[in-house]
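The lines below spell out each chain.
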Amino acid sequence: MSAARRAVVTGGAGFLGSHLCERLLDTGYSVVCMDNFLTGGPENVAHLIGRRGFRLVECDLTEFVHIPGDVDLVLHFASAASPVDYLKLPLETLKVGGIGTLHALGLAREKGARFVLASTSEVYGDPLQHPQREDYWGNVNPVGPRSVYDEAKRYGEALTTAYRNTHGMDTGIVRIFNTYGPRMRPHDGRAIPTFIRQALNGEPLTVAGDGSQTRSICYVDDTVAGILAMAAARGEPGPINIGNPDEMTVLALAGTIRDLAGSDSEITFVERPENDPAVRRPDTALARDRLGWRPEVPSDRGLRRTVAWFEELFAENREREEAAV
Ligand SMILES: NC(=O)c1ccc[n+]([C@@H]2O[C@H](COP(=O)([O-])OP(=O)(O)OC[C@H]3O[C@@H](n4cnc5c(N)ncnc54)[C@H](O)[C@@H]3O)[C@@H](O)[C@H]2O)c1
């Protein structure tokens, strides 16, 4: 990658977006990070401010979007992503998936840039095929509570494909599976930060249902490497699954996190959310064949790093609170 390359990351102040901005800068890109701080925040990219080539622009993607100068790559990541967030923000989620995606595509078209859409394993809904391959069309309830996210992403995929076919744009779609790591928010409602927060605070770990539903979890460094491999694969349209096939039950995940956190919290069971998928595991053969990518970080190592990051975060928060008293 040459030093002159410039990328726009929408949703760049979020969990995944902030890691993408960082990695792009490391590889010689200059980066415009666009975000309205709805579910992310400037603190996620505070360490990048002042770094050569980095620019943070506060803006709402559903409104008019303009960036002066050349752009080689648009990574469209703006969207609430955790169920707690998108259930609280249903219209914002549909709008950024629809109008926001239109604007991001328009920007990429104007600049002649490659466009990469952050889609999701949620397009498979509660899947009837296991593991999920890219040619599976999914099982989504269009009027269920999760549809605001799932259908927005499915629509985003349709828009991206239509722009590619109509305007001859270079677009790529990645379907990202559950990703975890530093900079997740302790209260974002996703299973991993929730279990870690509960374990570190000595609270009961709240497992949904009987915990027999499965998830396949991918460490953020691996996911980011997969996304950037897709970005570099000019001409490759996808969709391509990016995730770690290391599947485990939610109950086993809770137990692992409790052990890694050295906690003796009990595990309790709470009601399972409506339309919560029973199973999740990516088939990653396409990512291997087309992108030469495969996940490398084993779950216990990734979880250990994530627990350590949360420990530090909580210690800093405590120090700040004590200093304020
Ligand atoms: N983290 C995962 O496991 C995962 C899995 C599948 C797909 N994805 C996709 O990756 C992307 C990022 O997810 P994340 O986990 O980092 O979530 P996140 O909530 O941490 O980040 C999303 C960012 O988008 C911003 N945003 C939302 N609406 C916006 C708007 N209208 N204008 C500008 N910015 C806006 C938010 O403020 C936030 O900073 C999302 O598109 C999500 O659907 C994530």
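A brief report on the enclosed structure follows. Everything numeric here is computed off the predicted structure, so don't read it as measured data. (Residues numbered from 1 in each chain as written. Predicted model: local features only at pLDDT ≥ 70, side-chain atom pairs only at ≥ 80, totals over all residues. Heavy atoms only, no water.)

Let's talk about the environment of R51
Applicable threshold: Counting from the N terminus, the helices are the DSSP runs of H or I reaching at least four residues and the strands are the DSSP runs of E reaching at least two. Two residues qualify as a contact provided that any one of their heavy atoms is within 4.5 Å of a heavy atom in the partner residue.
Examined against the element boundaries, R51 turns out to sit in the loop between β2 (30–35) and β3 (54–58). Sequence spacing of R51 and S30 is 21 residues, and the spatial spacing of their C-alpha atoms is 9.6 Å. Every residue in contact with R51, bar those within four places of it in the chain, is listed here: L25 and D26.

Points about the pattern of salt bridges
Between side chains of opposite charge, a pair can form as their charged atoms come close. Our working rule: A pair is scored as a salt bridge if a Lys or Arg side-chain nitrogen falls within 4 Å of a carboxyl oxygen belonging to Asp or Glu. Remark: exposure states derive from per-residue accessible area (1.4 Å probe, protein chains only) relative to the maximum for the residue type, with buried under 20%, exposed over 50%, and partly exposed in between.
Throughout the structure, instances matching the rule amount to 19 salt bridges. Measuring nitrogen to oxygen at the nearest pair gives 2.7 Å for the salt bridge that ties D170 to R114. Here R114 lies in strand β5 (residues 114–120) and D170 lies in the loop between α4 (147–167) and β6 (171–176), a separation of 56 residues in the sequence. The residue R146 makes a salt bridge to D276 at a minimum N-O spacing of 3.9 Å. Separated by 130 residues along the polypeptide, R146 in the loop between β5 and α4 and D276 in the loop between β13 (267–270) and α8 (285–291) bring together distant segments of the chain. No difference in accessibility class separates R146 from D276, as the two residues are buried. Through salt bridges that share partners, E122, R146, R215, R272, D276 and R280 make up one connected network.

What about the packing of helix α3 (residues 90–111) against α4?
Filter applied, for reference: Fitted lines through C-alpha atoms serve as axes, helices being fitted only where they are in contact, and the angles separating the N-to-C directions of these axes extend from 0 to 180 degrees. For classification purposes, an angle smaller than 35 degrees is called roughly parallel, one larger than 145 roughly antiparallel, one from 65 to 115 roughly perpendicular, and anything else oblique. Two helices crossing with the near one rotated counterclockwise from the far one by less than a right angle form a left-handed crossing, whereas a clockwise rotation gives a right-handed crossing. Note that Gly is not counted as nonpolar here; it falls among the polar residues with everything else outside the nonpolar set of Ala, Val, Leu, Ile, Met, Phe, Trp, Tyr, Cys and Pro and the charged set of Asp, Glu, Lys and Arg.
One way to put it is that α3 packs onto α4 with a least axis distance of 9 Å and a crossing angle of 15 degrees. As the angle between them shows, α3 and α4 are arranged roughly parallel. The chirality of how α3 crosses α4 is right-handed. Residue-level contacts link P90, T93, L94, G97, G98, T101, L102, L105, G106 and R109 of α3 to V148, Y149, A152, Y155, G156, L159, T160, Y163 and H167 of α4. Considering only residue class, the contact of α3 with α4 consists of ten nonpolar, eight polar and one charged.

So, α4
To be explicit about the condition: For a helix, the expected span equals 1.5 Å multiplied by the residue count minus one.
Its 21 residues give α4 an end-to-end C-alpha distance of 29 Å, which sits within 8% of 30 Å, the value for a rise of 1.5 Å per residue. Every buried residue belonging to α4 is among S147, V148, Y149, D150, A152, K153, G156, E157, L159, T160 and Y163, and all of these are buried. G168 sits one or two residues past α4 and shows a positive phi near 65 degrees.

Topic: the pairing of β2
Strand residues, when the strand is regular, have side chains that alternate between the two faces of the sheet. The following threshold applies: Two strands make a pair as long as DSSP finds a minimum of two bridges between them. By convention, orient the strands away from the viewer: a clockwise path from the first strand over the helix to the second makes the crossover right-handed.
Judged by how many residues are buried, β2 sits mostly within the fold: six of six residues are covered. Residues of β2 alternate between two faces, with S30, V32 and M34 on one and V31, C33 and D35 on the opposite face, all of them buried. Two elements, strand β1 (residues 6–10) and β2, share five bridges in a ladder whose sense is parallel. Its bridge partner being in β2, T10 is matched across the sheet by M34. Handedness of the β1-helix α1 (residues 15–26)-β2 crossover: right-handed. Examined bridge by bridge, β2 and β3 share five bridges and lie parallel to one another. Bridging across to β3, C33 finds its partner in L56.

Note that every value here comes from positions in space, so none of it alone points to a role or purpose.
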